[in-house]
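Observations on the three-dimensional arrangement
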Amino acid sequence: MKKLFNKETLIRNSISIIIIILVFIVEGCWNFLTFKWDFKRLCDATFWLDICIHLILLMLIRSMALNIFQNIARDKNTDLLFEKEKNKSLMKLKDNDFSPWVITIKNKEIKIEFWKKKINRKLLKLEKFSRRKDKILYESREEADIYAKENNKYCIKKRNLLSMLEDEWIEKNINILPIKNYPKIDPTVFNLPVAAYEKENNKYQINSKIKSAIAYTFLTSGCMLLFSKVLQNSLEKFLLNEIVILNVIIDMLLDVIFITWQFINGIMDSFRIIKNEELVPYINRNRILEEYIYYKSPNEKSKVKQMLDIIDSSLSNKN
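Below or above, wherever it landed, is the structure these notes cover. Everything quoted here is computed from the prediction, not taken from an experiment.

1. Here we look at the pattern of salt bridges
Counting across every chain of the model gives 16 salt bridges. Among the ionic pairs, Arg 131 bridges to Asp 134, the shortest N-O distance being 3.0 Å. By relative accessible area, which is 48% here, Arg 131 ends up partly exposed. Here Glu 291 ties to Arg 287 by a salt bridge, and the two come within 3.3 Å at their closest N and O atoms. Of the two residues, Glu 291 and Arg 287 are both situated in helix α10 (residues 244-296); the distance of 4 residues between them amounts to about one turn of the helix. Taking relative accessible area as the criterion, Glu 291 reaches 26% and is therefore assigned partly exposed. Judged by its relative accessible area of 24%, Arg 287 falls in the partly exposed class.

2. Looking at the packing of aromatic side chains
Aromatic ring pairs are defined here through the distance separating the ring centres and the angle between the ring planes. Considering all chains together, one arrives at 8 aromatic pairs under this definition. Ring geometry for Phe 98 and Trp 101: centres 6.0 Å apart, planes at 35°, overall tilted. Of this pair, Phe 98 and Trp 101 both sit in helix α4 (residues 98-128), 3 residues apart, roughly one helical turn. Taken together, Phe 98, Trp 101, Phe 190, Tyr 292 and Tyr 295 form an aromatic cluster joined through their ring pairs.

Rules of the game
Residues numbered from 1 in each chain as written. Predicted model: local features only at pLDDT ≥ 70, side-chain atom pairs only at ≥ 80, totals over all residues. Heavy atoms only, no water. Salt bridge = Lys/Arg side-chain N within 4 Å of Asp/Glu carboxyl O. Buried < 20%, exposed > 50% of the residue type's maximum accessible area, 1.4 Å probe, protein only. Helix = DSSP H or I, 4+ residues; strand = E, 2+ residues; numbered from the N terminus. Phe/Tyr/Trp six-rings, centres within 6.5 Å; stacked < 30°, edge-to-face > 60°.

What follows is the structure, given as structure tokens:
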């Protein structure tokens, strides 16, 4: 069962909230033209109403662009069409032993992979903060240095870390390795369409998080909106009752620029989201299915490769 919250998500969201609050304070109190603070503006209901109206406008414009261009981006992505068709062919080769293979073998491989990454990071850190004479001592083959090596903290720690990378040690301790945050694959997900789900582009992403990706674009755009309002309000203060027409023109121009920017970014986000949240999971699913097919026929790798090549070539010709 997946956790509702994890440390990384909590920290990222907390930082985002803090940034938004700080931007609000800056927007309400700081004038970039006069370089003065006016904290009384935080009590101005009109100011907050203006921000809310613009934020709603932002969401509507971005949603409109995403709704219009998301299907277009999906239809235009030939790689996605190819991987979806390939997935259908590979799924036909999946047998009842696929789930046991994923749970007992593939997830074990992933755990080992991430364990080795963890130990290698510790080795890099050890090398970075260790003395040069300790490193020379570790590499020494002199009999006179044997006792010193046995009692040197650097040498002891490095030996221990290197031993934790050995296959024999890992196999012996695989069930108790102190590593939790690695991407376990759920074999049942392969029977569900990618679009049924909502990171980063990593090689074990087999689900889609479109809604989360859209929400992230709203967050970043909201920050940009607030910064644009900083400049806009500063100009209003500076020009008010002096050059009224110019003030109105600048105000309208800033709004038009921001609306246009939002719409264009919504279009770009549509293509990016389809690539990261639909194409990448299909690519990774297909790669894992291919590994499984090779596993099923360990003595017929050439035949398996030939069969997979035929699938690829037939789909390429179809597209």
